[in-house]
Amino acid sequence: FSGKTTMQAIGESIKNKLVNDYKSVPILVKESSTVYEAICTMFLEDVGTLFVVNDHSHLVGVVSRKDLLRSAIGRQELEVIPVSVIMTRMPNLILTFPDESLHAAATKLIQFQIDALPVVKPLASDSAAQKYEIVGRITKTSITKAYVELGSEEL
Ligand code: ADP
């Protein structure tokens, strides 16, 4: 137990956890998909957040449950309107990265009051243009999993 206090051990264990080890599969829709298609995808894939990509598979937006509900109660034509009209778009997206600590990602979820973060890798040639490929998703469930793990860990 090497002289560490339990609190120090817990603190270290939390900060050593990386986004890359807790990310789940991101569910994507194309920016040309309709709101109706996005609603179907959200149900079929059983997720609360969809990430929107362009034809080059670059991240362009995020669509949440409430974004879709809002457009559904707005009596708009769900089978015509593309998700790109209702999504939260770049550069306003809150991102996380594979080598970021899970604690930093959790802090973003709390700070910005959102349910999910896209895990992204900048495309090398385009770092100035802020182009990203999506490699995963961190959600409140990812954080809960890490919390449960922590409670089961031998410190
Ligand atoms: P819900 O809207 O279903 O409560 P969220 O709390 O995650 O889900 O989303 C709240 C708002 O923030 C929505 O308009 C959504 O588009 C936006 N949002 C969700 N995730 C992100 C993110 N990673 N970056 C920026 N905006 C986001």
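What counts and how
Residues numbered from 1 in each chain as written. Predicted model: local features only at pLDDT ≥ 70, side-chain atom pairs only at ≥ 80, totals over all residues. Buried ≥ 20, exposed ≤ 12 C-beta atoms within 10 Å, placed from the backbone. Helix = DSSP H or I, 4+ residues; strand = E, 2+ residues; numbered from the N terminus. Pairing = 2+ DSSP bridges. Right-handed = clockwise from strand over helix to strand, strands pointing away. Near = placed C-beta within 6 Å. Nonpolar A, V, L, I, M, F, W, Y, C, P; charged D, E, K, R; others polar. UniProt positions renumbered as here; feature names shortened; annotations may be inferred. Contact = placed C-beta atoms within 7 Å. Core = buried A, V, L, I, M, F, W, Y, C linked by C-beta atoms within 7 Å. pLDDT = per-residue confidence, 0-100.

Colleague: How should the pairing of strand β2 (residues 49–53) be read in this particular structure?
Modeller: If a strand is regular, its side chains alternate between the two faces of the sheet. With four of five residues buried, β2 is to be regarded as a mostly interior element. Inspection of the sheet shows strand β1 (residues 28–30) paired to β2 by three bridges, in the parallel sense. When the bridges of β2 are listed, Leu 28 appears paired with Phe 51. Viewed along the sheet, the connection from β1 through helix α3 (residues 35–45) into β2 turns out right-handed. The pairing of β2 with strand β3 (residues 59–64) spans five bridges and is antiparallel.

Colleague: Any chance you could explain the site of the ligand here in plain terms?
Modeller: Taken together, 15 residues sit near the ligand, with Ser 64, Arg 65, Lys 66, Thr 88 and Asp 115 positioned nearest. Elements that contribute at least two residues to the shell around the ligand include exactly β3, α4 (65–73) and β5 (116–122). If one sorts the elements of the shell around the ligand by residue count, α4 sits on top with three residues. Taken together, the residues of the shell around the ligand break down into six nonpolar, five polar and four charged.

Colleague: Mind showing me how you'd approach the UniProt feature "domain: CBS" (unreviewed entry) in the protein here?
Modeller: Sequence positions flagged by UniProt for "domain: CBS" (unreviewed entry) are, in local numbering, residues 22–80 and 87–154. Here residues 22–80 runs as 36% helix and 24% strand, with 36 Å between its end C-alpha atoms.

Colleague: When you look at the environment of Glu 31 in this model, what are you seeing that I'm missing?
Modeller: Relative to the helices and strands, Glu 31 resides in the loop between β1 and α3. Residue classification places Glu 31 among the partly exposed residues on the basis of 17 C-beta atoms within 10 Å. A sequence separation of 21 residues divides Glu 31 from Val 52, and the C-alpha atoms of the two residues are 5.6 Å apart. Apart from the residues lying within four places of it in its own chain, the contact partners of Glu 31 are Val 52, Val 53, Asn 54, Val 60, Gly 61, Pro 82, Val 83 and Ser 84.

Colleague: What am I meant to see in the sheet that holds β2 here?
Modeller: Remark on secondary structure: sheet strands pair via backbone hydrogen bonds, oriented parallel or antiparallel. A sheet is described by the order of its strands in space; here four strands give the open sequence β1-β2-β3-β4, paired in mixed fashion. What marks the edges here is a single partner per strand, and that holds for β1 and β4 (88–89).

Colleague: Which parts of the structure should I look at to understand the nonpolar core?
Modeller: As a rule of thumb, nonpolar side chains are buried together in soluble globular proteins. Ala 38, Leu 50, Val 52, Leu 59, Val 63, Val 83 and Ile 138 are the most contacted members of the largest nonpolar core, which has 30 residues in total. Of all the secondary structure elements, the ones that give two or more residues to this core are α2 (19–22), α3, β2, β3, α5 (102–111), β5 and β6 (132–139). Here Val 52 is in contact with Val 29, Glu 31, Val 60, Gly 61, Val 62, Val 63, Val 83, Ser 84 and Met 87, once residues within four sequence places are set aside.

Colleague: Explain the confidence of the model for the protein here, please?
Modeller: One rule of thumb: low pLDDT means the predicted coordinates there are not for detailed reading. With 95% of its residues at a pLDDT of 70 or more, the protein shows a mean pLDDT of 93. Here the prediction assigns the complex a pTM of 0.93, and the interface score ipTM is 0.98.

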